[in-house]
Amino acid sequence: MPGKLKVKIVAGRHLPVMDRASDLTDAFVEVKFGNTTFKTDVYLKSLNPQWNSEWFKFEVDDEDLQDEPLQITVLDHDTYSANDAIGKVYIDIDPLLYSEAATVISGWFPIYDTIHGIRGEINVVVKVDLFNDLNRFRQSSCGVKFFCTTSIPKCYRAVIIHGFVEELVVNEDPEYQWIDRIRTPRASNEARQRLISLMSGELQRKIGLKVLEMRGNAVVGYLQCFDLEGESGLVVRAIGTACTLDKLSSPAAFLPACNSPSKEMKEIPFNEDPNPNTHSSGPSTPLKNQTYSFSPSKSYSRQSSSSDTDLSLTPKTGMGSGSAGKEGGPFKALLRQQTQSALEQREFPFFTLTAFPPGFLVHVGGVVSARSVKLLDRIHNPDEPETRDAWWAEIRQEIKSHAKALGCHAVVGYSESTSICEEVCILSASGTAAVLNPRFLQDGTVEGCLEQRLEENLSTRCGFCHIPYDELNMPFPAHLTYCYNCRKQKVPDVLFTTIDLPTDATVIGKGCLIQARLCRLKKKAQAEANATAISNLLPFMEYEVHTQLMNKLKLKGMNALFGLRIQITVGENMLMGLASATGVYLAALPTPGGIQIAGKTPNDGSYEQHISHMQKKINDTIAKNKELYEINPPEISEEIIGSPIPEPRQRSRLLRSQSESSDEVTELDLSHGKKDAFVLEIDDTDAMEDVHSLLTDVPPPSGFYSCNTEIMPGINNWTSEIQMFTSVRVIRLSSLNLTNQALNKNFNDLCENLLKSLYFKLRSMIPCCLCHVNFTVSLPEDELIQVTVTAVAITFDKNQALQTTKTPVEKSLQRASTDNEELLQFPLELCSDSLHSHPFPPVKEHLESASSNSGIPAAQRDRCSSWIELIKLKAQTIRRGSIKTTVTVEKASPVGDGNFRNRSAPPCANSTVGVVKMTPLSFIPGAKITKYLGIINMFFIRETTSLREEGGVSGFLHAFIAEVFAMVRAHVAALGGNAVVSYIMKQCVFMENPNKNQAQCLINVSGDAVVFVRESDLEVVSSQQPTTNCQSSCTEGEVTT
Amino acid sequence: MTSELDIFVGNTTLIDEDVYRLWLDGYSVTDAVALRVRSGILEQTGATAAVLQSDTMDHYRTFHMLERLLHAPPKLLHQLIFQIPPSRQALLIERYYAFDEAFVREVLGKKLSKGTKKDLDDISTKTGITLKSCRRQFDNFKRVFKVVEEMRGSLVDNIQQHFLLSDRLARDYAAIVFFANNRFETGKKKLQYLSFGDFAFCAELMIQNWTLGAVDSQMDDMDMDLDKEFLQDLKELKVLVADKDLLDLHKSLVCTALRGKLGVFSEMEANFKNLSRGLVNVAAKLTHNKDVRDLFVDLVEKFVEPCRSDHWPLSDVRFFLNQYSASVHSLDGFRLECGGTIWAHCNLHLPGSSNSPASAFQVAGTTSVHHHAQQFFLYFQ
C-alpha cells in the first residue's frame, strides 16, 4: 500500500568553505529515498543558502517507508570537476508512521560527514501521507509503536502484556567486501551507515508484524544491537516485549511523573494484611505439578520449528507433588495454573521490562543467566540466518529451564548481549526468574472476582521477596527465614535480580552502586582451542564475580541487589568480567551477617595479629557503611521470627550455565559448599589481595550517591536539574609479564578513578545522585582496556530527603485517593481527548471523543476483538486530520527568536536553539511526559586520517561524541520534542592506528523522543484552562505557513 | 598503566570558570594543574592530582573546540554541537574578549599587523602576560577591527551585534579599533601616565564629535575616520593667535571672567598667550596624518606640561578651559570672520595639586559658521 513522502529543503547555514578562491560555496542538495532522487537548484556563492525548494514527492510502499531512511546529501557544485560532497543527513521517518507520534519532521539538522564531522546545518521539512492498509497479508507494520523504555511508558496504560518478541537480520559488512579495497573510506563508511539504517528499519518492521500477529500494538523495552562480526558479517538483532497499550491522554489523569516516580507507583491497591486466608498447609495440589509442563506450542518467533525440545524442559530438581508445602496454598496454585496457561502459548515467557505495573510481579526467584561460546563462520545466505537464530534459541531455552528450576514460569528484566573477538563470540543472556500475575497476560478471561482476590493477596510490599520455589526441594542450598515484614512466608537471606526495585518494596536506608571487577589472562590461541580455553575460564570468572558481589554487598551491610548486569568481555589474551548492581537493604529480608576472616596458619603470632587487624578494619567498614547509607533496621529478636533453619549457609541465587559449541550444559553451584558463608580464608597472597581490594573501594564523597537502577532507593525528592554524560577511558597496560593480580588492580583502579573523576566533575551539582550508571568494557586491542560510562546526575533536595519512608497509614490514605483518581480517570480521559485532538476541526473532535466514549469501555470488556479496530479507526482519523491542518513547527530558525518566544513548551526561551534534555531514565524529574514521538535509533561512523591535528585520540572521540549528542538533539527537536528518555549508547567501538595517524569510531545510540512539560508550568496551564496548549500550536502554524 | 584516552562529554557542556580563566590566561595544562592544586581544591573535594589533571585536560579540550566558535560569537548561539545555557554562553564570550589593561596599553594605536604580532613576545616579557594570552587578545583586536572596518552604522552597535559583547566591552573595543585605525601615538614615555580608560574616554567623544559619522550617518567607515573637512576648518582657528588684537581681547575676556576664581590666576595670566598658541597650533596642524597621530603627544607637550609645571590644580584647569572656549563665542571679530576655534583644555595629573588620580583632558572648539557652532568636548578621565 502506498504512502506519499514529501520533503522540502528550506535553507542551510554555517556551511564550510568549499571554494578556496572566493571563500564561499555553491551548494545544492540531493534528496534520495529508495531509488528516487531529487535535486535542488544550485545556490551560488553563499555559506547560508536559501533553497526554499518545492515539495519533493516520493510515492512509495509503506514497507519501504519503514525500512528506508531518507537520505539528504549536500554538495558543492563544481563546473569543471566532480561535485564535492559536503555531508549527509539521514532521517528515519518511522516516527511519522505512528498515529499518535509526530506529524511533521521539521528543523535544523547537522550536516554530517564521516571524515570531517559536522559541517553546517540544513533546514528540512518532511511529511508523510499514509493510506491505511487493511490487508491481512501485508508486509508492513506501520502503527506499531516502539519504546526503548523498559517500563510501561508514562502516558500509557498496559491493557495486556503479551510477551517476548525477537528478530535478527544478517548481512555482509560493507567494510569487508572486496569493493572496499577500491573505494574511499568515506564511501565505505556511508555504505555501512546506510546498510545498518536499512537493516534496523527492516528489523523493526518485522518485529512490528509479529506484534500485530500477537494482537499487540506496541513494543516496550525494545533493545536493538549490532554484532560486528567482521569477516563473517553484520548481525542486527532486537528483542522487546509486545504489549497492548492504551493512551491515558489527559495530562491530568496520570500522576505526577517525576518528583517521585516511586511515590506514583506506590499508590497501588494493597492490603495491609498480606495473606489473610491462605497459610495453613494447603493440601498438596496436583495442579502444581502440571504447571511445569511447558510445551513449545504456537509461537511467533521464526525458530519455533527448531528442534530444541531435546533440552529438558522439565524441572531439573524434581519438584514433586506432595511438596507444595505451607507457603503454597490453593490460591497460589490456582494462580500458577492460570499464569501458566497464559504463558503456555509462548515459546519464551520472557519480558524485557525492568519495572512493572503494580501487582504484576508476584514473586521473584533470582537471577538466571546463560552463556555460550561460539565460533563465527561466514554467513552464507543472509536471507536465512538460521545459525544465529539457533544459537539464541538455545540460550533462551537454557534460561527458561533455569527459571523453571527456580519454580518460576517467567523471566523478567531479560537482556541479551555478545562479546566478539576475532572469530570467537560469547553470547550471554540473563534475566530474573519470576512468578507473574496473570491479569496482565491474558485477554480478559479471568473472572473479575478471583482476579481481585488474587491481587489483594499478592501485591503486598514483601510479596515479591517470598520464594517461589519449594522449600523442601530447593534448586540449590539456601538459607530461608520467615519474611521480616509479614512473618508468614519464607524469604531467602539475599536476593539478586536484574530488574529495578519494585516501587512498593520497603527499603531501609539508601542504596548504592556495587561493582565486581575481574580480569583473567588467557593464552592466545586459534579457533577451536581458543573457544575451549574461554569456556573453561568462564565458570571460574562467574564464580569469582559472584563471590565479590556477595562480599561487597555484605560489606555495605545490605541484603539485595537490583539491576544486576554481568558483562563478560573477551579479548585476545584476557577475559574481563564486570558486574554492576544497586545494593539495597530490603526490610523483608534478614539482616546480613558480617564477614569473618580466618587464617590458615594459626600458630604464627604476628600473622594472627595481622588477621585480627584486618577483621577490625572490615568490621569498621561495615559499621561506617551502615551509617553512610542510613541502614538502621528495627531490632527484631530472634524468637519472634523463630530461626527455622539453624545452619547458616551462604547460597547463591545465581543459577547459570555455560556451554561450548556443543549443547552440553553444565550447571554451576555457586554456593560455598559446606563452608560457613561469611568466612574469608586467607591462605595465600591472592586471598590477601582480594580482601584488600574489598577495602579499597572508596565510598563516593559526601553529597553523592550512585546506583545503576532507574531511581535511587531511599531518595524520592528529585529537583529538576539533570546532566547526562558519557565518559570514555582507554588505558594501555604496561605489557609483558602481566599477572592476574596486576591486571585486576589496573582494572580496579581504572574503574575507581573513572568514578572519582565523575564525582569531581559533577561536584557543582551536590547533593546529587548518579542514576543508571552503565559501565561497558571492551578490549579493542591486545593491551588496551576501554571503559565507557553513561549515566545521569540528578540533583535532589537534601532537606526533604529525611522523610522518605511513609507509614502504612499514610499509604492507605494515599490508596484511597488513588481509588478516587482511578474512578475519575475515565471522564478525564474524555475531556483530555478533546484537548489533544485540537488540530482537528471541531466536527472531528466530536467524532473522536465519541469514538473514545464508546470505544474504550468496549475495549475493556472485550479487548481482544475491539482494540485493533479502534486503533485503526483512530489512526485513520488522525492521519486525515494531520493532512488537513499541516502544523509546521519551525524549530530553531536563525531569525526565529520572536517566533520562539511564542511557544510555551520549550523550557528555555532566551536561546535560539531549543534545549533538548537527554537521560537514560524513563522519566524527567519535575516534569511530565505528555507525548511520545517515536524511537530514536542512530548509528554513526567517524573516521579521521589526521588524528594528531584533531587533538589526538581524546580530541577525536570527544568531538565525535559531542556531535552524536548534537545529532540526537537535532532529530528530537525536529520531531517537536524537547527530551530523549531511556537514552542508551549501545555501542562505542573505537579503533586507532596512531602510526598511520588514523582512527575510526562507531557509535550506536537509541532512546525515546518525548515532549515534556514542567510540573510548575503545568499548574499554570491547567489553571488557565488547557487552551493554551492549542493556542501555542495554532500560532506556530500561522507563523510558518 | 598509561591512560591513552580520557574524555567526558555532557549533554550540557560543563564549563568551569576557574579553568576557563586559566586557559584564557594562556597556562599550559601542567601549569594550570599546579595552580589549581595550589588553590587548595584537592583538600576541598578530596580528589587526587590525577583526577585534577584529567579534569583540566578535558576542560582545555572543550575550550579548544569552542574557540573556533568564539571567533564568531553568533555562531556559538546557533551551533548545535555544544548545549550551553545562554548565561554561560554570554560568560564565555565576555571572558574570551576581555583583555588585560597592561597589554592593551602596549598595543593601543599601533597598526594591527603581522609586524606588531611579532613583537608580542617583547610585550609578553614586559607585562608578564603569557604569550598565548597576548596572542589571543591581539587576534581579538584584529578580528573585531577586520569585521567592523568597512561597516556602516555606529561602531559600538556593530561590535555589539557581531560579537555579542556587553555594552562596556563593546565601547572599549570601539576605542581600540578607533585608535588602531587612526594610529594615535600612545606609547611615548610622556603619555605613560594615561590609562586605557583615559584614552577610551577620549575615543568615545572623538567618535561622537569628530568623525564622519558625527556629520552624516550614512557614510561607510563612519565612526572610524576623522572628518577631514572638520580638521580643515580647524586651521581657521589660527586667527586666534595670529591676530594680535583678537588674542588680547580673548585674553582679557578669559581673565576677567576667571579673576578670583582661579588659584593659579597669576600664572595663567602670564602664560595665557603660550597656552593659547599651543592649543591652537595643535588644532591647526591636524590636517597632516603625522600630526594627527601625535595629537596626544602634542597636547601633553604644549599644554599639559606647562600647566603641570605651574602646579595647576585640576579644577582650575577645567575652569580655564571652559572659559577659554566660552569666551571665543563672544569675540565679535571671530564671529564675523568665519573663524573656527579649537580649545583644548587639559585637566592633568598635576603633582601637588588635587589628589584626583584621574587626569581630565578636554578639547573644546567652535567650528566655522557653516558648521554652526558645534561644541566638542572631550574628556580624559
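Residues numbered from 1 in each chain as written. Chains lettered and ligands numbered in written order. Predicted model: local features only at pLDDT ≥ 70, side-chain atom pairs only at ≥ 80, totals over all residues. Heavy atoms only, no water.

**What to know about the overall build of chain A**
Selection criterion: To qualify as a helix, a DSSP run of H or I must reach at least 4 residues; to qualify as a strand, a run of E must reach at least 2; elements of each kind are numbered from the N terminus. The buried label applies to any residue whose accessible area, calculated with a 1.4 Å probe on protein chains only, is under 20% of its type's maximum; exposed applies above 50%, and partly exposed to all values in between. Per-residue and other accessible areas were derived by the Shrake-Rupley procedure at a 1.4 Å probe size, with only the shown protein chains allowed to occlude residues.
Across its full length, chain A carries 19 helices and 33 strands. When burial is assessed residue by residue, chain A has 62% of its 1041 residues classed as buried. As presented, chain A carries roughly 38400 Å² of accessible surface, and 51% of it is formed by carbon and sulfur atoms.

**Topic: the sheet that holds strand 18 (residues 495-496) of chain A**
Backbone hydrogen bonds hold the strands of a sheet together, and the pairing may be parallel or antiparallel. Residue and element names in this part refer to chain A. Rules: Two strands make a pair as long as DSSP finds a minimum of two bridges between them. The contact definition used throughout considers only heavy atoms, calling two residues in contact when any of these lie within 4.5 Å. Axis angles are defined between N-to-C directions and span 0 to 180 degrees, where every axis is a line fitted to C-alpha atoms and, for a helix, only to the segment in contact.
The strand order 18-20-21-19 describes an open sheet built from four strands, whose pairing is mixed. The strands lining the two open edges of the sheet, one partner per strand, are strand 18 and strand 19 (507-521). Of the strand pairs in this sheet, strand 18 and strand 20 (residues 560-570) are connected by two bridges, and their pairing is parallel. Considered in strand 20, the bridge of Leu495 is made with Ala560. Packing against the sheet, helix 8 (residues 527-555) makes contact with strand 18, strand 19, strand 20 and strand 21 (574-586), and its axis sits at approximately 150 degrees to strand 19.

**With respect to the packing of aromatic side chains**
Formally: The aromatic pairing rule takes the rings of Phe, Tyr and Trp, using the six-membered ring of Trp, and pairs them if the centres are within 6.5 Å, calling planes under 30 degrees apart stacked, those over 60 edge-to-face and the rest tilted. Any Lys NZ or Arg CZ found within 6 Å of a ring centre and within 35 degrees of that ring's normal is scored as a charge over the ring.
Under the criterion given, the structure shown has 42 aromatic pairs over all chains. A centroid spacing of 5.3 Å and a plane angle of 85 degrees characterise the contact between Phe184(B) and Phe296(B), whose relative ring orientation is edge-to-face. Separated by 112 residues along the polypeptide, Phe184(B) in the loop between helix 12 (167-182) and helix 13 (196-210) and Phe296(B) in helix 20 (residues 295-309) bring together distant segments of the chain. Among the aromatic residues, ring-to-ring pairing joins Tyr20(B), Trp23(B), Phe63(B), Tyr96(B), Tyr97(B), Phe99(B), Phe103(B), Phe141(B), Phe163(B), Tyr173(B) and Phe196(B) into one connected group. When the ring centre of Trp108(A) is taken as origin, the NZ or CZ atom of Arg13(A), which lies over that ring, is 4.1 Å away. Between the NZ or CZ atom of Arg763(A) and the centre of the ring of Phe760(A), over which it lies, the distance is 4.1 Å.

**Some details on the confidence of the model for chain A**
All names here are of chain A. Applicable threshold: A score from 0 to 100, pLDDT tells how confident the predictor is in each residue.
Of all residues in chain A, 65% have pLDDT values of 70 or greater, and the mean over the chain is 72. Of the regions scoring below 50 in pLDDT, residues 251-332 engages in 183 contacts with residues more than four places distant in sequence or in other chains. Residue range residues 801-911 is modelled with pLDDT below 50. Its contacts to residues more than four positions away, or to other chains, number 160 contacts.

**Considerations on the side chain of Lys761(A)**
What counts, and what does not: Under this definition, polar contacts are N or O atom pairs within 3.5 Å; protein pairs additionally need one hydrogen-donor-capable and one acceptor-capable atom, and for neighbouring residues in sequence, both atoms have to be side-chain atoms.
Inspection of the secondary structure assignment puts Lys761(A) in helix 12 (residues 740-761). We classify Lys761(A) as buried; its relative accessible area is 8%. Within the local environment of Lys761(A), its side chain forms a polar contact with the side chain of Asp55(B), the two groups lying 2.6 Å apart. Lys761(A) has contacts with Phe8(B), Leu14(B), Asp55(B), Asp58(B) and His59(B), leaving out every residue within four places of it along the chain.

**Remarks on the sheet that holds strand 12 (residues 234-247) of chain A**
All names here are of chain A. Strand order in the open sheet formed by four strands is 9-11-12-10, and the pairing between neighbours is mixed. Looking at strand neighbours, the two that pair on one side only are strand 9 (145-146) and strand 10 (156-171), the edges of this open sheet. Here strand 11 (residues 218-228) pairs with strand 12 via nine bridges, running antiparallel. Paired with Val219 across the strands is Ala242, a residue of strand 12. Sheet contacts for helix 2 (residues 185-213): strand 9, strand 10, strand 11 and strand 12; angle to strand 10, the most-contacted strand, approximately 135 degrees. Across the sheet, helix 6 (residues 386-405) lies against strand 10 and strand 12, angled at about 135 degrees from strand 10, the strand it touches most.

**So, the nonpolar core**
For clarity, the cut-off: Throughout, nonpolar core names a set of buried Ala, Val, Leu, Ile, Met, Phe, Trp, Tyr and Cys residues whose side chains join them through atoms within 4.5 Å.
In this structure, Leu70(A), Ile122(A) and Phe320(B) are the most contacted members of the largest nonpolar core, which totals 241 residues. When residues of this core are assigned to their parent elements, the largest contribution, 16 residues, is made by helix 17 (residues 952-974) of chain A. Leaving out residues up to four positions away in the same chain, Ile122(A) has contacts with Ile9(A), Ala11(A), Gly12(A), Val29(A), Trp51(A), Ile72(A), Val74(A), Val89(A), Gly107(A), Trp108(A), Phe109(A) and Ile111(A). Among the nonpolar cores identified, the runner-up in size contains 45 residues, and Cys155(A), Ala979(A), Val981(A) and Phe1012(A) belong to it.

**Some words on the interface of chain A and chain B**
To keep things clear, this is the line we draw: Each reported salt bridge corresponds to a side-chain nitrogen of Lys or Arg within 4 Å of a carboxyl oxygen of Asp or Glu. The nonpolar class holds Ala, Val, Leu, Ile, Met, Phe, Trp, Tyr, Cys and Pro. Asp, Glu, Lys and Arg form the charged class, and all remaining residues, Gly among them, are polar.
Listed per partner, the contact involves 53 residues of chain A and 36 residues of chain B. Summed over the shared surface of chain A and chain B, the result is five salt bridges. The salt bridge partner of Glu4(B) is Arg732(A), with a shortest N-O separation of 3.2 Å. Between the two partners, chain A and chain B, sit 23 residue pairs in polar contact (both at pLDDT 80 or more). Per-element accounting of the side of chain A that touches chain B gives the leading share, 13 residues, to helix 17 of chain A. Along the lines of polarity and charge, the residues of the side of chain A that touches chain B split into 27 nonpolar, 14 polar and 12 charged.

**Here we look at unusual backbone geometry**
Residues and elements named next belong to chain A. Each neighbour pair has its own omega, and for Ile766 with Pro767 the value is -5 degrees, a cis peptide bond. By the element assignment, Pro767 lies in the loop between helix 12 and strand 28 (768-778). A positive phi angle is found at His14, which is not glycine, with a value near 55 degrees. Within the secondary structure, His14 is located in the loop between strand 1 (2-13) and strand 2 (27-33). Non-glycine residue Asp23 carries a positive phi angle of around 60 degrees. Within the element layout of this structure, Asp23 appears in the loop between strand 1 and strand 2.

**A closer look at the packing of helix 10 (residues 131-148) of chain B against helix 12 of chain B**
All names here are of chain B. Counted only if it meets this: Angles below 35 degrees are treated as roughly parallel, those above 145 as roughly antiparallel, those between 65 and 115 as roughly perpendicular, and all remaining angles as oblique.
Put simply, helix 10 and helix 12 touch, their axes get as near as 10 Å, and they point 80 degrees apart. With respect to their mutual orientation, helix 10 and helix 12 come out roughly perpendicular. Each of Asn140, Phe141, Val144, Phe145 and Val148 in helix 10 lies in contact with helix 12, whose residues at this interface are Tyr173, Ile176, Val177, Ala180 and Asn181. Of the residues assigned to the contact of helix 10 with helix 12, the class counts are eight nonpolar, two polar and no charged.

**Quick look at the environment of Arg186(A)**
Residues and elements named next belong to chain A. Take Arg186: it is sitting in helix 2. Spatially, the C-alpha atoms of Arg186 and Leu743 are 38 Å apart, while their sequence positions differ by 557 residues. For Arg186, the residues in contact, after removing those within four places along its chain, are Asp113, Thr114, Ile115 and His116.

**Structural notes on the domain arrangement of chain B**
All names here are of chain B. We apply this condition: Note that domain bounds follow an automatic or database assignment of domains. Buried area: the sum, over both parts, of the accessible surface (1.4 Å probe) that disappears when the two are put together.
One can read the domain layout of chain B as domain 1 (17-82), domain 2 (101-215) and domain 3 (228-379). Between domain 1 and domain 2, the contact holds seven residues from the first and nine residues from the second. Summed over both sides, the interface of domain 1 with domain 2 buries roughly 750 Å², with 60% coming from carbon and sulfur. Counting every contact that joins domain 1 to domain 2 gives zero salt bridges. The interface formed by domain 1 and domain 2 contains four residue pairs in polar contact (both at pLDDT 80 or more). Ranked by residue count, the leading element in the side of domain 1 that touches domain 2 is helix 5 (residues 73-78), at three residues.

**A few points about the packing of helix 17 (residues 244-258) of chain B against helix 18 (residues 265-284) of chain B**
Residue and element names in this part refer to chain B. This is how the line gets drawn: For a crossing to be left-handed, the near helix must be turned anticlockwise from the far one by less than a right angle; the clockwise case is right-handed.
Contact pair helix 17 / helix 18: the axes reach a minimum separation of 11 Å and the direction vectors enclose 145 degrees. Helix 18 is crossed by helix 17, and the crossing has right-handed handedness. Along its contact with helix 17, which presents Lys244, Leu247, Asp248, His250, Lys251, Val254, Cys255 and Leu258, the element helix 18 presents Phe265, Met268, Glu269, Phe272, Lys273, Ser276 and Arg277. Split into classes, the residues belonging to the contact of helix 17 with helix 18 amount to seven nonpolar, two polar and six charged.

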